[in-house]
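Working through the structure, step by step
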Amino acid sequence: MKYVSGPYFEPDFDPVLDRFGTPGVVIDNETREDCTLVKVDSVNRDGVLLEMVQLLTDLDLVISKSYISSDGGWLMDGTNRSDPALFMPFISFSDSRSATTNAVFHVTDQTGRKLTDPSLPGFIQRALVPFHRPGNGPSPKFTTCLGNVVGPGGPDVSDCAALEFTVHDRPGLLSSITSVLADNGCHVASGQAWTHGGRAAGVLYVTATAGPRSPTRWARVERLVHAVVDARENVTGERHWVRVSEPVQGRVHTERRLHQLMHDDRDYESGPAPTPVDEELFSMGDKAATARTARRTETRVTIDSWEERGYAVVKMTSRDRPRLLFDTVCALTDMQYVVFHATVGSQGMLAIQEYYIRHKDGRTVDSHAERQKVSRSLRSAVERRATHGVKVEVRANDRSGLLSDFTRVLREHGLSLLRVELKRHKDEAFGIFYLVTDTGGEVRAEAVRAVQAAVQEMDISLDVVNEAPGWPPVRKTSVPAPPVVGLGQNQERQRPSLGSLLWSHLGKLSNNFSYISS
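Scope of this entry: the structure provided in the associated data block. Remember, it's a predicted structure, so these values are computed and weren't measured experimentally.

1. Observations regarding the overall build of the protein chain
- The helix and strand tally for the protein chain stands at 14 helices and 20 strands.
- Each of the 518 residues in the protein chain was classed as buried or not, and the buried ones make up 54%.
- Here the analysis covers contacts within the protein chain between residues at least 6 apart in sequence; of these, 74% occur between residues at least 24 apart.
- When the accessible surface of the protein chain is summed, it comes to about 22,500 Å², and 50% of that surface belongs to carbon and sulfur atoms.

Okay, structure coming up:
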């Protein structure tokens, strides 16, 4: 499909272009009553957009909207050049590459409040703009509103070996792996594991608690874990991969690494191709769309071609949830696609994302096979972190064999893991686990109580987390959408199309967008 117009950016984006002369960060608490605007102008280089989104996500901030551009030469399109009220909906871009990436993020903390920590702007500035760091040294650490400590690359795991694996998912998998580690004097300090499409991937950061510290130690641990996986995979013929790497500085962000592992494992090949987006949703009023999207929030992807400007245009709708923007941008970046423009937001429970992209070599998504791969990969990136099952939080004094003991109890009670996140803070270990039965069914309350009783004898605290039915947190303040001066109802309906109803109504949608929970 040929694209016939260009992207829309609301006026919040415009001041960034005028005020940023050099790369920097502006934290704006004045423009909006309901959120803080984080405005970033950074040197345009590979992966800079992912760095921005990753940092804001790791700071436990909720991103409600985002407007992004890294392609210069702003041109005004159409016939309404003399009417300021009509300027933004008719903007398109030239193909002259700019030297910067400009982005505006509407953010709050996890309680829906604006950002008030006076040290936060400086931290973001130093993290995103290296020459602002004293002596060009590393960024300092920062404690978020949820008590998480953020620094370069996340929690410090430089003293840990990294066990990475991709394997066919099965009951008791993590229990088997952690049992081998515990038996060989290895302690899991932190890490994460995901499951999707019948596959499992994990990144576990491991320290040695006993035994000689020989150069071959981690190679031996890798062989032992490989043997555990082989015990079943050689029978079924399922593909699998295991690697243990020695402690090193500057590891890839854990969640990005999990996306890379699952993509390399081709988890996106399972299931049918994604359904195209339902563009009728964007022609409705906010209340009607919210009622409709409550029943239609499965992940949908459409990829069009805007031949005149040489972009592939990716449109996505999915259920809104935390860290969604990070997962999408991560997938595009690791598939070697560059985002030149983007607009993201949500209506009700439906997250709406649109990206103008090219491959690093200048190609768009030309072939049918490539479009299918990109569509499937984006859907998988969104669904890997989808929350199912019973969510439990586990706390205990950190000790060797703790994870092995806990996962063994789960296996003995017929429970399996969908997703795992492990952390440590000083002498305390903390974990979040999503549980289902070994057959993938719902966990009964009596089974949870039985596990609670069993782990209590091991001095492990387990609590069920009853999550709110939807995201994001309620905003503490709100403002009505400003009226558009000089634009009548009939003129609103006459806005030019971008080849679909999505962009023809984005001016209206930008006022209806609520939080995309990244």
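Next, the rest of the story.
2. A few points about the packing of aromatic side chains
- Summed over the entire model, instances satisfying the criterion amount to 6 aromatic pairs.
- Where phenylalanine 123 meets phenylalanine 142, the ring centres are 5.3 Å apart and the plane angle is 35°; that geometry is what we call tilted. With phenylalanine 123 in helix H3 (residues 120–128) and phenylalanine 142 in strand S7 (residues 142–143), this pair connects stretches of sequence that are 19 residues apart.
- On the accessibility criterion, phenylalanine 123 (3% relative accessible area) is buried.
- The class for phenylalanine 142 is buried, based on a relative accessible area of 11%.
- Ring centres of tryptophan 306 and tyrosine 311 lie 5.8 Å apart, and the angle between their planes is 40°; this geometry places the pair in the tilted category. As far as burial versus exposure is concerned, tryptophan 306 and tyrosine 311 are alike and both buried.
- One aromatic cluster is present, built from ring pairs that chain together Trp306, Tyr311, Phe340 and Tyr356.
- Over the aromatic face of tryptophan 218 sits the side chain of arginine 217, whose NZ or CZ is 5.8 Å from the ring centroid.

3. Brief notes about the sheet that holds strand S20 (residues 461–464)
- Pairing within the open sheet is antiparallel, and its 8 strands lie in the order S12-S9-S11-S10-S18-S19-S17-S20. The open sheet terminates on both sides in strands that have one partner only, identified here as strand S12 (241–245) and S20. Between one strand and the next, the sheet's axes are offset by a mean angle of 20°, whatever the strand orientation.
- Examined bridge by bridge, strand S9 (residues 161–168) and S12 share 5 bridges and lie antiparallel to one another. Each residue of the ladder has a partner; that of alanine 162, found in S12, is serine 245.
- Of the strands in this sheet, S9, strand S10 (186–196), strand S11 (199–208) and strand S18 (415–425) touch helix H4 (residues 173–183), which is tilted by about 150° from S9.

4. Things to note about the sheet that holds strand S3 (residues 62–69)
- Here we have 8 strands laid out as an open sheet, ordered S1-S2-S6-S3-S15-S16-S14-S13, and antiparallel in their pairing. Looking along the sheet, the strands with just one partner apiece sit at the ends: strand S1 (24–28) and strand S13 (300–306). For this sheet, the mean inter-axis angle between neighbouring strands, taken without regard to orientation, is 20°.
- Relative to strand S6 (residues 100–108), helix H2 (residues 48–58) is tilted by about 20°, and along the sheet it contacts strand S2 (36–43), S3, S6 and strand S15 (337–347).
- Along the sheet, helix H8 (residues 324–334) contacts S3, S6, strand S14 (311–319), S15 and strand S16 (350–359); its crossing angle with S16, the most-contacted strand, is approximately 20°.

5. Side note on the side chain of arginine 379
- The topology assignment puts arginine 379 in helix H9 (residues 368–383).
- No salt bridge is formed by the buried arginine 379; its nearest oppositely charged neighbour, glutamate 383, is found at 4.4 Å.
- Reaching out from arginine 379, the side chain makes a polar contact with the backbone oxygen of proline 272 at a distance of 2.6 Å.
- Look past the residues within four positions of arginine 379 in its chain and what remains in contact with it is Ser270, Gly271, Pro272, Ala273, Pro274 and Thr299.

6. Considering the nonpolar core
- In terms of nonpolar packing, the biggest core is built from 50 residues, with Leu59, Phe105, Tyr355, Ile357 and Leu378 touching the most fellow members.
- In this view, tyrosine 355 contacts Ala312, Val313, Val314, Leu325, Thr328, Val329, Leu332, Val339, His341, Ala342 and Val344; residues no more than four positions away in its chain are not counted.
- Listed in part, the 45 residues of the second largest apolar core include Ala208, Val244, Ala429 and Phe433.

7. What about H9?
- Under the 1.5 Å per step criterion, the end-to-end length of H9 is 23 Å for 16 residues, consistent within 8% with the ideal 22 Å.
- Taken together, the buried positions of H9 are Val374, Ser375, Arg376, Ser377, Leu378, Arg379, Ser380, Ala381 and Val382.
- Of the surrounding elements, those touching the buried residues of H9 are S10, helix H6 (254–264), S13, S14, H8 and S15.

8. Brief notes about the packing of H8 against H9
- Two elements in contact, H8 and H9, have axes separated by 9 Å at closest approach and are oriented at 145°. You can see that H8 and H9 cross each other, and the crossing is right-handed. Taking contact as the criterion, the partners of Leu324, Asp327, Thr328, Ala331 and Leu332 in H8 are, on H9, Leu378, Ala381 and Val382.
- Of the residues that constitute the contact of H8 with H9, the class distribution is 6 nonpolar, 1 polar and 1 charged.

9. Concerning the packing of H6 against H8
- It is the contact of H6 with H8, at a shortest axis distance of 10 Å, that shows an interaxial angle of 55°. Between H6 and H8, the interaxial angle falls into the category oblique. Taken as a pair, H6 and H8 cross one another with a handedness that is right-handed. Side by side, H6 and H8 meet where Glu255, Arg256, His259 and Gln260 of the first sit next to Phe326, Asp327, Cys330, Thr333 and Asp334 of the second.

10. Overview of the pairing of strand S17 (residues 390–397)
- Summarising the sheet, S17 and strand S19 (residues 428–437) pair through 8 bridges and their orientation is antiparallel. Note that in S19 the partner of valine 390 across the bridge is leucine 435.
- Across 4 bridges, the pairing between S17 and S20 is antiparallel. The residue bridging valine 394 from the neighbouring strand is leucine 462, located in S20.

11. Notes on the environment of glutamine 456
- Along the chain, glutamine 456 turns up in helix H11 (residues 445–456).
- For glutamine 456 and alanine 396, which are 60 residues apart along the polypeptide, the C-alpha to C-alpha distance reads 9.8 Å.

12. Section: the side chain of threonine 101
- Of note, threonine 101 is situated in strand S6.
- By relative accessible area, threonine 101 is classed as buried at 3%.
- Setting aside residues no more than four positions away along its own chain, threonine 101 makes contact with Val40, Asp41, Ser42, Asn44, Val48, Met52, Ile68, Ser69 and Ser70.

Conventions we followed
- Residues numbered from 1 in each chain as written.
- Predicted model: local features only at pLDDT ≥ 70, side-chain atom pairs only at ≥ 80, totals over all residues.
- Heavy atoms only, no water.
- Helix = DSSP H or I, 4+ residues; strand = E, 2+ residues; numbered from the N terminus.
- Buried < 20%, exposed > 50% of the residue type's maximum accessible area, 1.4 Å probe, protein only.
- Contact = heavy atoms within 4.5 Å.
- Areas by Shrake-Rupley, 256 points an atom, 1.4 Å probe, with all protein chains shown as cover.
- Phe/Tyr/Trp six-rings, centres within 6.5 Å; stacked < 30°, edge-to-face > 60°.
- Lys NZ or Arg CZ within 6 Å of the ring centre and 35° of its normal.
- Pairing = 2+ DSSP bridges.
- Axes fitted to C-alpha atoms, helices over the stretch in contact; angles between N-to-C directions.
- Lys, Arg positive; Asp, Glu negative; His and termini not counted.
- Salt bridge = Lys/Arg side-chain N within 4 Å of Asp/Glu carboxyl O.
- Polar contact = N/O pair within 3.5 Å; in protein donor to acceptor, adjacent residues only side chain to side chain.
- Core = buried A, V, L, I, M, F, W, Y, C linked by side-chain atoms within 4.5 Å.
- Expected span 1.5 Å × (residues − 1).
- Left-handed = near helix turned anticlockwise from the far one by under 90°.
- Nonpolar A, V, L, I, M, F, W, Y, C, P; charged D, E, K, R; others polar.
- Parallel < 35°, antiparallel > 145°, perpendicular 65-115°, else oblique.

In short, geometric facts, not functional conclusions.
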